[in-house]
Amino acid sequence: MTTQSKTPAGWYPDPHGAAQTLRYWDGSQWTDHTNPAQQAAGQAPPQAAPRQPAFPQQQTADARVQRQVRQQAGVAAGGPGGGTLFTEPVLVVNQKAKLIEVTNEYKVMDQNGREIGSVTQVGQGVLKKILRFVSSLDQFMTHKLEIRDAHGRPQLLLTRPAKIFKSRVIVSRPDGSPVGEIVQKNMIGKINFAMNVDGRQVGAIKAENWRAWNFAIVDHADNEVARITKTWEGLAKALFTTADNYVLQVHYQLPEPLLSLVVATALTVDTALKQDARGLG
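Scoring rules and cut-offs
- Residues numbered from 1 in each chain as written.
- Predicted model: local features only at pLDDT ≥ 70, side-chain atom pairs only at ≥ 80, totals over all residues.
- Heavy atoms only, no water.
- Helix = DSSP H or I, 4+ residues; strand = E, 2+ residues; numbered from the N terminus.
- Buried < 20%, exposed > 50% of the residue type's maximum accessible area, 1.4 Å probe, protein only.
- Contact = heavy atoms within 4.5 Å.
- Areas by Shrake-Rupley, 256 points an atom, 1.4 Å probe, with all protein chains shown as cover.
- Patch = residues over 30% accessible without salt bridge, like charges linked within 9 Å, V, L, I, M, F, W, Y side chains within 5 Å.
- Salt bridge = Lys/Arg side-chain N within 4 Å of Asp/Glu carboxyl O.
- Pairing = 2+ DSSP bridges.
- Axes fitted to C-alpha atoms, helices over the stretch in contact; angles between N-to-C directions.
- pLDDT = per-residue confidence, 0-100.
- Core = buried A, V, L, I, M, F, W, Y, C linked by side-chain atoms within 4.5 Å.

Draft legend 1. Representation of the overall build of the protein. Of regular secondary structure, the protein possesses four helices and 15 strands. Each of the 281 residues in the protein was classed as buried or not, and the buried ones make up 44%. For the protein, restricting intrachain contacts to residue pairs at least 6 apart in sequence, the fraction spanning at least 24 positions comes to 43%. Carbon and sulfur atoms make up 55% of the accessible area of the protein, which totals about 14,400 Å².

Structure below.
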């Protein structure tokens, strides 16, 4: 809805009548961005409603992230994206560096270093953490990861059921509705995965070497639509931490559900898809 008004941009009670909801007015029209209201809808006039940014405040461009994208991953600077996990042409996925890792956590940024999301391992009990600390048996257990936006709101849930040899990842929305599955096809040589929706293959993930560090992502017609490149963060991190870092380049805006599967692949390739390099201990 577009309205001629001098009302300044900000968060106001939803004009569509949604209870306990604020909608963002950009100064000329209502946007699709909503947030839970701090007070009952319609209780205060527009000027009294709290004003919040659509995305968290962010510092200027991060030269280290730009170097990771352009020099290490070889990705040319792209045009501005939409500021979300699903609208940016480049996603930078950096694992939090830990000497001992018992829970996987990743920060997701755009090509200039602005944080736009995160990935966190969820539902991990004490026993699983102990097993991960003293052995590699946790690689055979069920793992769940939650992909969150810049505000910490869940966007996708990924479940990798317990496995012996080949991995399978179930991708779903926060409300539990299914998106699709990512299924490992082989164990020897360059690892490949199929992206399936309702039993139909809509794309594939192809490792470019046997170490499964870099991946080409293709659609159902085998056309490359995205690429994942692992970047090296220096000898100190390589020797003393478990941190891995990836850059995803999406070549053009993809349709759903392929887009969600590509994002899910890029943000969980290290934990949920790649064969565990520790072997059997």
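Draft legend 2. Expanded view of a nonpolar patch on the surface. On the surface, Ile164, Phe165, Met187 and Ile188 cluster together into a nonpolar patch covering about 480 Å² of accessible area. Along the polypeptide, methionine 187 turns up in the loop between strand E10 (178-184) and strand E11 (192-197).

Draft legend 3. Local environment of the pattern of salt bridges. The full count for this structure, using the stated rule, is eight salt bridges. Notably, a salt bridge pairs glutamate 208 with arginine 227, separated by 2.3 Å at the nearest N-O pair. Taken together, the positions of glutamate 208 in the loop between strand E12 (200-207) and strand E13 (215-219) and arginine 227 in strand E14 (residues 224-231) put the pair 19 residues apart, joining distant regions of the chain. The exposure class assigned to arginine 227 is partly exposed, which follows from its relative accessible area of 25%. One salt-bridge network, held together by shared partners, links Glu208, Glu224 and Arg227.

Draft legend 4. Main features of the sheet that holds strand E8 (residues 154-160). Taken together, the 12 strands give a closed barrel; going around it, the order is E4-E5-E6-E7-E8-E9-E10-E11-E12-E13-E14-E15, and neighbouring strands pair in antiparallel fashion. For this sheet the average axis-to-axis angle between neighbouring strands, irrespective of direction, equals 20 degrees. As judged from the three bridges shared by E8 and strand E9 (residues 168-172), these two strands associate in the antiparallel manner. Within E9, the position partnered with leucine 158 by the bridge is valine 171.

Draft legend 5. View of the environment of glycine 199. Looking at the secondary structure, you find glycine 199 in the loop between E11 and E12. On the accessibility criterion, glycine 199 (80% relative accessible area) is exposed. C-alpha of glycine 199 to C-alpha of glycine 180: the two residues are 19 residues apart in sequence and 8.6 Å apart in space.

Draft legend 6. Representation of the confidence of the model for the protein. Confidence in the prediction of the protein, expressed as mean pLDDT, is 74, and 65% of residues score 70 or more. For residues 39-55, every residue scores under 50 in pLDDT, and the model assigns this stretch 34 contacts once sequence neighbours within four places are set aside. Taken together, the stretch residues 275-281 has pLDDT below 50 and engages in 16 contacts with residues farther than four places along the chain or on a different chain.

Draft legend 7. Structural view of unusual backbone geometry. Cis geometry is found at the peptide bond from glutamate 256 to proline 257, where omega equals 5 degrees. Turning to its location among the elements, proline 257 is positioned in the loop between strand E15 (245-250) and helix H4 (258-273). A positive phi angle, near 55 degrees, is found at aspartate 198, a position not held by glycine. Backbone geometry places aspartate 222, a non-glycine residue, at a positive phi of 70 degrees. Relative to the assigned elements, aspartate 222 resides in the loop between E13 and E14.

Draft legend 8. Representation of the nonpolar core in the model. Ranked by internal contacts, the top residues of the largest apolar core, which has 41 residues, are Val171, Met195, Ile217, Leu248 and Leu267. Those residues in contact with isoleucine 217, other than ones at most four positions away along the chain, are Met195, Ala204, Ile205, Asn223, Glu224, Val225, Ala226, Ile228, Leu248, Val262 and Thr265. Val65, Val75, Val90 and Met109 belong to the second largest nonpolar core, which has seven residues in total.

Draft legend 9. Seen up close, the sheet that holds strand E1 (residues 10-13). With antiparallel pairing, three strands are arranged side by side in an open sheet as E1-E2-E3. Either end of the sheet is taken by a strand with one partner, and the two such strands are E1 and strand E3 (30-36). Across the sheet, the axes of successive neighbouring strands diverge by a mean angle of 40 degrees, strand direction being ignored. Relative to strand E2 (residues 21-25), E1 is paired through four bridges, and the arrangement is antiparallel. Residue tyrosine 12 lies in a different strand from E2, and its bridge partner there is arginine 23.

Draft legend 10. Spatial organisation of the environment of glycine 10. Structurally, glycine 10 can be placed in strand E1. Overall, the relative accessible area of 2% leaves glycine 10 in the buried class.

Draft legend 11. Representation of the pairing of strand E4 (residues 90-95) in the model. Among the six residues in E4, six count as buried, and that is most of the element. As paired strands, E4 and E15 are joined by five bridges and run antiparallel to one another. The residue of E15 that forms the bridge with leucine 91 is leucine 248.

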